[in-house]
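# Results of the structural survey
Chain residues, written in single-letter form:
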Amino acid sequence: MKTDKSYIEGIGVSPGIAIGKAFVLKRNNTELTGIELENEESISAEIEKFDSAVKSSVDEIESIKNNSIRTGETEAAEILEAQIELLQDPEIRDSVLQKISEERKSSNDALLETIHSFVELFKNMDDEYMSARSADVQDIGNRILKNLNQSIEKEDIKFETGSIVIADDIAPSDIVSMDMKQIAGFATCSGSKTSHASIIAKSKNIPAVAGCGNNLLQINHGDTIILDGIKGIIIINPNENIINEYSKLKDDYANKKVILQSLKDVAPITTDGRQVKLTANISSANDLNEMFENGGEGIGLFRTEFLFMNRNSFPTEDEQFEFYKKVALKSKNKPVIIRTIDIGGDKQLDYFGLPEEQNPFLGYRAIRICLDRKDIFITQLNAILRASIFGNFKIMFPMIANVQELRAAKKILTETKNELLANKIKLDEKIQVGIMIEIPAAAIAADILAKESDFFSIGTNDLCQYTLAVDRMNDKIKDLYDPFNPAVLRLIQNSIEQAHKHNIHVGMCGEMASDPLATLLLLGMGLDEFSMSASSIPDIKNCIINNSYANASTITKKVMEMDDSKNIIAYLKETIS
């Protein structure tokens, strides 16, 4: 992170440029009391106090959600509904009650410790979407604490027109409640692109920068701020020349945005007639609205792990069925690629009791667990197959390293289908089955795997870190994580070439698919489908429809002759400048 007295770098989470005065929001942190309960009467009183605070919190969010529905903010309403479900999460309540009744802690301390453990659980996950859920847990924890301690926080803060809100983090419910006519942008110390606060800021077209770190707190109330939600930077008290420069950039961006919004119904076809598919990565039915709003053509990655998190036991087959059915019905028959459960590694389930491992990313995870614990795998497959008649589903196995694993997984799927059919249960008998290419061994042996797959989806996040032996979550070496490394590019190219030799479709669902710098390179390699966060679709589409496949092929040929990623990146920047 770069920072000096006038410049702070974060993550652009909602594009746009804002120029205005800083409005610094500060929250009072609740601390542990250390109180030890003396008798059963005080334990009962603390439990009742906690339940009452949860009820008050639910009522507050319900009120905000209903107001969002009345004003047509459906996306915000769905996010707030998810917060209500989180407030009522039985595992959180069980943990708090256990600490109160068995450890004799006050409701305040029991909740603080519970929220901290849940926040850390999510925060340490490598998956960006799952990691971002830590902010939701913290949000509901703060709200319960406020009601638990009957804190009085001024809800009707008066913002001046053009205010840029500066805060450690902002709860989705807070953003929804603010007067957006007065707010020009948001900047937060924490947060990410997939945090719900970021999603709401984006849905309201408010520029936002997150992940700025504590350096953001050097900003004083009333400072003049330039917030660049495109590059993810904050400029403090800029001079007149910089303000004029950014004023022009702001106008240019507004004009470009109008163009991008007009592309919603435009097919992603190059100037010389090559068509690709642009799809979205989702974790629940709530994410489908954004996919449609941005002109997406389906779901290239449906992560199923979220259903397994935030609970104290595995979801039943019927619970999973309803979860997948909701997505199927809401998808309007667009294709949905469902990735079977990818737990292990950074995604730990307390109730599963996964063993501690020295190298969890190289250990017992994803398809390896499914082939070992067939009961878990078959339950999920049953639910997916039952829901398949309501939509256009495809099944994708993660972390396949060799053809033996693929054959074993397909055998279990076939047996599951046959048992359902024998019991007269309807399903899509021709459902397609594909794999993620995210292990170097799979990319190298793509010719073998393509013979037994209906499609490939390249997961560049894991493919890159496994190829380069780099943990991108490790601050000391994360700069070595480089998807433009020639070795990574060769694995991607081989996967695409082998897929096409065997006449199967190949997509990409890793972060590289949403990087405009990589679009023409991947297009030139022959990638059929780009799957990404829905908000990235217009930018990638704009790049595709304004370039030819012939030009992209020339760019790819040039890149594949280069031996240094720095030169590759510099060259690609020239091609889109």
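Small disclaimer: the values here were computed from a predicted structure and weren't measured.

What follows concerns the overall build of the protein chain. Scanning the protein chain from terminus to terminus reveals 21 helices and 16 strands. Since a compact globule built from 577 residues should have a radius of gyration of about 25 Å, the 25 Å found for the protein chain is in line with a globular shape. Each principal axis of the C-alpha distribution contributes one length, and for the protein chain these read about 70 × 70 × 45 Å. Summarising the internal contacts of the protein chain: among those between residues at least 6 apart in sequence, 69% fall at separations of at least 24. Summed over all atoms, the accessible surface of the protein chain reaches about 25800 Å², with 48% contributed by carbon and sulfur. The average position of the 64 basic charges and that of the 87 acidic charges among the side chains of the protein chain differ by 5 Å.

Within the largest apolar cluster, 99 residues are counted, with the highest numbers of intra-cluster contacts made by Y324, F397, F456, I492 and F530. Leaving out residues up to four positions away in the same chain, F456 has contacts with I435, I437, A446, L449, A450, S495, A499, I504, H505, V506 and G507. F122, A167, I206 and A210 belong to the second largest nonpolar core, which has 52 residues in total.

A volume near 910 Å³ is recorded for the second largest pocket. Lining the second largest pocket are 31 residues, and of these A82, E85, F306, L307 and F323 lie nearest its centre. Listed by contribution, the elements that provide at least two residues to the lining of the second largest pocket are α2 (74-87), α5 (128-148), α7 (196-203) and α10 (317-330). If one sorts the elements of the lining of the second largest pocket by residue count, α2 sits on top with eight residues. Its residues placed into classes, the lining of the second largest pocket shows 13 nonpolar, six polar and twelve charged. Looking at which domains feed residues into the lining of the second largest pocket, each of domain 2 (40-151) and domain 3 (274-576) supplies at least three.

Right, let's talk about the domain arrangement of the protein chain for a bit. Looking at the assigned domains, one finds that the protein chain contains domain 1 (7-26 + 155-241), domain 2 (40-151) and domain 3 (274-576). On a C-alpha basis, the centres of domain 1 and domain 2 stand 25 Å from each other. Each partner contributes to the interface: domain 1 provides 18 residues, whereas domain 2 provides 18 residues. Of the roughly 1400 Å² buried where domain 1 meets domain 2, counting both sides, 56% is carbon and sulfur surface. The tally of links between domain 1 and domain 2 comes to zero salt bridges. At the junction of domain 1 and domain 2, the tally comes to zero residue pairs in polar contact (both at pLDDT 80 or more).

So, how was this worked out
Residues numbered from 1 in each chain as written. Predicted model: local features only at pLDDT ≥ 70, side-chain atom pairs only at ≥ 80, totals over all residues. Heavy atoms only, no water. Helix = DSSP H or I, 4+ residues; strand = E, 2+ residues; numbered from the N terminus. Rg over C-alpha atoms; globule rule 2.2 N^0.38 Å. Contact = heavy atoms within 4.5 Å. Areas by Shrake-Rupley, 256 points an atom, 1.4 Å probe, with all protein chains shown as cover. Lys, Arg positive; Asp, Glu negative; His and termini not counted. Charge placed at Lys NZ, Arg CZ, Asp CG, Glu CD. Core = buried A, V, L, I, M, F, W, Y, C linked by side-chain atoms within 4.5 Å. Buried < 20%, exposed > 50% of the residue type's maximum accessible area, 1.4 Å probe, protein only. 1 Å grid on protein atoms, 1.4 Å probe; cavity = no way out; pocket = protein on both sides within 12 Å on 5 of 7 lines; lining within 4 Å. Points joined across faces, edges and corners; volume = space filled by probe spheres on them. Nonpolar A, V, L, I, M, F, W, Y, C, P; charged D, E, K, R; others polar. Domains from an automatic or database assignment. Buried area = accessible area lost by both parts, 1.4 Å probe. Salt bridge = Lys/Arg side-chain N within 4 Å of Asp/Glu carboxyl O. Polar contact = N/O pair within 3.5 Å; in protein donor to acceptor, adjacent residues only side chain to side chain.

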